[in-house]
Amino acid sequence: MRSFANTVATLGILALLVPAVIGAANQEQEALPCADCHDTVAADFQSNPHALALGRDAAAGAVCASCHAGGKEHVDAGGDAALIRIPKGAGGATACLSCHGGKSHNDIEPKGVHATAGVTCDTCHSIHGAKRPGPALLKAPDSELCVSCHPDVRNAFRKPNTHRMHQSVGGTSKAGMQCYSCHNPHGRGDGNLKQTAAGEPVCLSCHTEKRGPFVFTHGALVAGTCQSCHDTHGSANPMMLTRAAVSQVCLECHSNITGTTLGSQPPSLHDLRSPRYQNCTTCHTAIHGSNVSPRLFR
Amino acid sequence: MKKRAFSVALVLTAVAFAPCLQAQSVQFDLGLGYQWLDVSGNQDMYRTHTGDKDGFLLDSLSVTVAGGKDGMFDRLRVEAAGIGASSDNRFRVQIDRSRLFNFQLSYSRADVFTAFPGYANPFLASGLIPGQHTIDRRRDALDLDLQLLPGGMFSPIVGYSRYHYWGPGRTTFPFGQDEFALNTELDETVSEYRVGAGLAFGTWRATVLQGWRSSDSSFDYALVPGATGGNNAQPVLGTNVAAGQLAGHSRTIGSAPFTNVLVNGRLFDRVRIVGSYARTNGTEADTDETFTATGQFVSFALGRFFQGASDVASGSAKATNWRGNARAEVDITSWLELIAGFTSTRRELDGDALLRTTYLSTTNFSGLDPKNITALLSAATAWDRGEDVSEAKLVARPVAWLSLWVAGAWIDQDLTIVPAAAEIVVPGGQGGTFKRSIDRLSAGADLNLGPVTLGADYLNDDADAAVVRTDYLDRDRLRARATVKIGSFLKVLGTGEWVNLKNPTAGIQYDADVTHWAAGLDVTPIQALTIHGGYDSYESNSQVLIRLPQDFSTEPSIYAEDGENVEGSASLKLGRFLVEAGANQYTNRGDLPFDLNRTYARIDIGITAELGVYGQYEKREYTEKALSAADYSADRYGLFVRWTSK
């Protein structure tokens, strides 16, 4: 009931804020007769999210001019294609980023990994869009675009133990996870992984119960990452673990032979030949952390 | 349940179409129908892998409404999928009006089901499946975000998220020299409020976000009926350990205020500065747990038998995490750029717990000295982890078709752990200060020669120490990619990745290799026909020395994975008739050998330009070489009506 009240209150605040800013002024733009010649593009463009990007009172052709500099000269010269700027490639990204760049941690990085490798805005996005533009004006729906260049990732999802993925990435449902659920294709850094609003690893945005903090934290969460024990794209092993046997996952760290690394030797009596002990998490169930059990039993 | 799913799908459809009444233009796609399953073999395993069910299914819904110049909005987009007989349900609404607002709502529900036959299963040899660790839960996620765009320098942002994770499961609890199977019920709710603003000053942009998160989680557990004997069939010191009753309840309340700041802008024409800072300050999680047990138990710690226990435990953890980054992106010339930055991350935690366990009706191992014993355990823990990363990257594009880059990163990690005495199993390696520095050098090149693109990059990490045994001292990674694209007729793509991780230190001897290469071929001989073929090979071999706990001897822990995927598919569209079909075969010959074969087909017949029907079929066969109890063969059929606007 309290959650419902919170939701209603939040929606109420949102509803109050919207009218408060209605009436904002739109800047004046120079009128250009682009549609006179480019009638097909102009017709399809009406359903494009960019069509009203400059506001409802923007002059005809103003949206075109906002990306295509040199429109007046192009018109005056009777349509000389050399005089109109067509944003493409790395240079074209500058035009896109003047509106789309740097709004949040999960937003567009102009020097991101894709950009450095020559993958620019128009590689994936159809800026003018078609008559039926897809989400984000992508050239191919859903994650098809991603795996069309990353076949290794597509095939990682052919393994039996994966996140429940979208059909385009080998899942069985159109409601499954997409590549962008975890990755920011416009980002930079290792794997272009997203963060939560609190700056945490993206895994915790769904796996909230693993967030902690815990009084007794599994050292792997501190010294490593989720990927220390889990293959997140797809795994041959249950629970998407990096090893087929759970004891192997654990003992590869918890074997203090040299005395210099973190993770001590479990005691004897854990006879790995007995099925009771082959799965360490049979007893250490709270393997990610616990507030009440020093040995992660509960 | 099926009726409910169908009703939800209809309501969502109606809600999505309601704004269309006054809209200027509407585009929609709807796929609604019924799905059947026919699974032989291990049905739990199939559900673990796919989550599919029988029933009505809103396969997909997409509605885009252009509001027109007189509408309340410029564009409204509603998307829904998987409502009904799918493990994942998604619903999303996006409404925006240029220079006024941008609103997004997304809701998802995911079934979280796991029931492996061999995982956590000490009775597998007796044919008892599934294992003792199973879950059958659901996860709801609701996210609302609104950004107001009044123009000028200030754009307010508000957001709200709610996550709910709940449902039954099964686990085990080690107690009194045995492990007992428990039924569990988890109910966790997390709420998050966000308020902030986008700011603009000339070429500078900033986003400041303040959030408040709260969580409330309860966990109940009780002995599985009939599981009184536990997992240990052998008597302990002549006593058959058994539980007559074992049940408990745990509740954890958490809170986490957080701050998130991002600033970017141009210092000069050629220099872009980016700074970010994220902090969760004083994240707290407080747990109270009680459990009671009756039966026959043994405690080596007490040196006594006992017939029951009453336990009260509380724990409180407080953490502060922050991450700050600053970098400069400098366009030195029109073809040369430098990116240099520094990132500092710190995580600090202090925790304390108080555990009070009363052991009832205890006797010593001679059966004498009967009494109740109360054991108190007070524990305090602390850890502090810091990481500083300095990095620089030089990118050159001397000609339009060539990009070259070289980068370096210098990473310093430090970790201090102060464990509680109760955590220490064998002294050594559970606390102290650990430091590790990594020098990273990488370089790459990308060539874009029209129809041919080539790319390669190499990375080397050189570390001075290992914090955990699977940390490498030396890592090499080479990646390459090649694409040949001839118009829309042909695309050939190949990628390869080779990774080697090493720590040759005596007593660790860690050595891991991954070789992964994939190739894809797409041919479109005519516009109506596309053909796809793909091949993938994934080979992983690793070994590291481990100590066996039963006799303290050492041996290498060897893991191997040798996976191969072959796939092919075709799509043909003739007028209002569309057929797609494909198959793939994944074979693993590593430590867990299995075959996973999948065949699918989809036929779509347009009755009119807007209305059509389509059928879907998928066959999925999974076989494990070592555990036939995991095998299944599943046929999934679906029949749907499609309605698409012109």
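Worth saying up front: this structure is predicted, and the values here are computed from it rather than measured.

### Thoughts on the overall build of chain A
Broken down by element type, chain A carries 13 helices and 2 strands. For chain A, with 298 residues in total, the buried portion stands at 42%. A sequence separation of at least 24 residues applies to 47% of the contacts in chain A between residues at least 6 apart.

### A look at the domain arrangement of chain A
For chain A, the assigned domains read domain 1 (89-98 + 106-192) and domain 2 (205-290). The interface is formed by 6 residues belonging to domain 1 of chain A together with 7 residues belonging to domain 2 of chain A.

### So, the environment of T64 of chain B
Residues and elements named next belong to chain B. Position of T64 among the secondary structure elements: in strand β2 (residues 55-66). With 25 C-beta atoms counted inside 10 Å, the residue T64 sits in the buried group. The sequence separation of T64 and P225 amounts to 161 residues, and the corresponding C-alpha distance is 53 Å. Setting aside residues up to four positions removed in sequence, T64 forms contacts with Q27, R75 and R77.

### Examining the nonpolar core
Ranked by internal contacts, the top residues of the largest apolar core, which has 37 residues, are A223 and C250 of chain A together with A317, V467 and V468 of chain B. Residue assignment for this core shows that the elements contributing at least two residues are α11 (219-223) and α12 (246-251) of chain A together with β12 (304-331), β13 (336-364), β14 (371-399), β15 (402-418) and β21 (529-547) of chain B. Residue contributions to this core peak at 4 residues, all from α12 of chain A. Core analysis: the next-biggest nonpolar cluster, separate from the first, contains 21 residues, V63, A80, A81 and I95 of chain B among them.

### Overview of the interface of chain B and chain A
On the chain A side, the residues contacting the 154 residues of chain B number 97 residues. When residues of the side of chain B that touches chain A are assigned to their parent elements, the largest contribution, 10 residues, is made by strand β7 (residues 154-174) of chain B.

### Points about the confidence of the model for chain B
Confidence in the prediction of chain B, expressed as mean pLDDT, is 93, and 96% of residues score 70 or more. Across the interface, the model reports ipTM at 0.93; the global pTM reads 0.91.

### Focus: the pairing of strand β23 (residues 577-588) of chain B
All names here are of chain B. In this structure, strand β22 (residues 554-574) lies alongside β23, joined through 12 bridges in antiparallel fashion. In the sheet register, N565 faces β23, and the bridge partner there is Y586. Hairpin geometry of β22 and β23 is characterised by an intervening segment of 2 residues between the two adjacent antiparallel strands and by a positive phi of about 60° at G575. Across 12 bridges, β23 lies against strand β24 (residues 594-606) in antiparallel orientation. Within the sheet, the bridge partner assigned to A583 lies in β24 and is T599. Two successive antiparallel strands, β23 and β24, enclose a turn made up of 5 residues.

### Quick look at the pairing of strand β10 (residues 242-268) of chain B
All names here are of chain B. In terms of strand pairing, strand β9 (residues 204-223) meets β10 through 18 bridges, oriented antiparallel. In the strand pairing of β10, D220 is matched with H249. Between the end of β10 and the start of strand β11 (residues 271-299), which pair antiparallel, lie 2 residues.

### Topic: unusual backbone geometry
With an omega dihedral of 5°, the bond running from G212 of chain A to P213 of chain A counts as a cis peptide bond. Across the junction of I129 of chain B and P130 of chain B, the peptide omega takes the value 0°, indicating a cis bond. Along the polypeptide, P130 of chain B turns up in the loop between β5 (101-114) and β6 (134-148). The phi dihedral of L137 of chain A is positive, around 55°, even though this residue is not glycine. Looking at the element boundaries, L137 of chain A is found in the loop between α8 (121-124) and α9 (144-149).

About the thresholds
- Residues numbered from 1 in each chain as written.
- Chains lettered and ligands numbered in written order.
- Predicted model: local features only at pLDDT ≥ 70, side-chain atom pairs only at ≥ 80, totals over all residues.
- Helix = DSSP H or I, 4+ residues; strand = E, 2+ residues; numbered from the N terminus.
- Buried ≥ 20, exposed ≤ 12 C-beta atoms within 10 Å, placed from the backbone.
- Contact = placed C-beta atoms within 7 Å.
- Domains from an automatic or database assignment.
- Core = buried A, V, L, I, M, F, W, Y, C linked by C-beta atoms within 7 Å.
- pLDDT = per-residue confidence, 0-100.
- Pairing = 2+ DSSP bridges.

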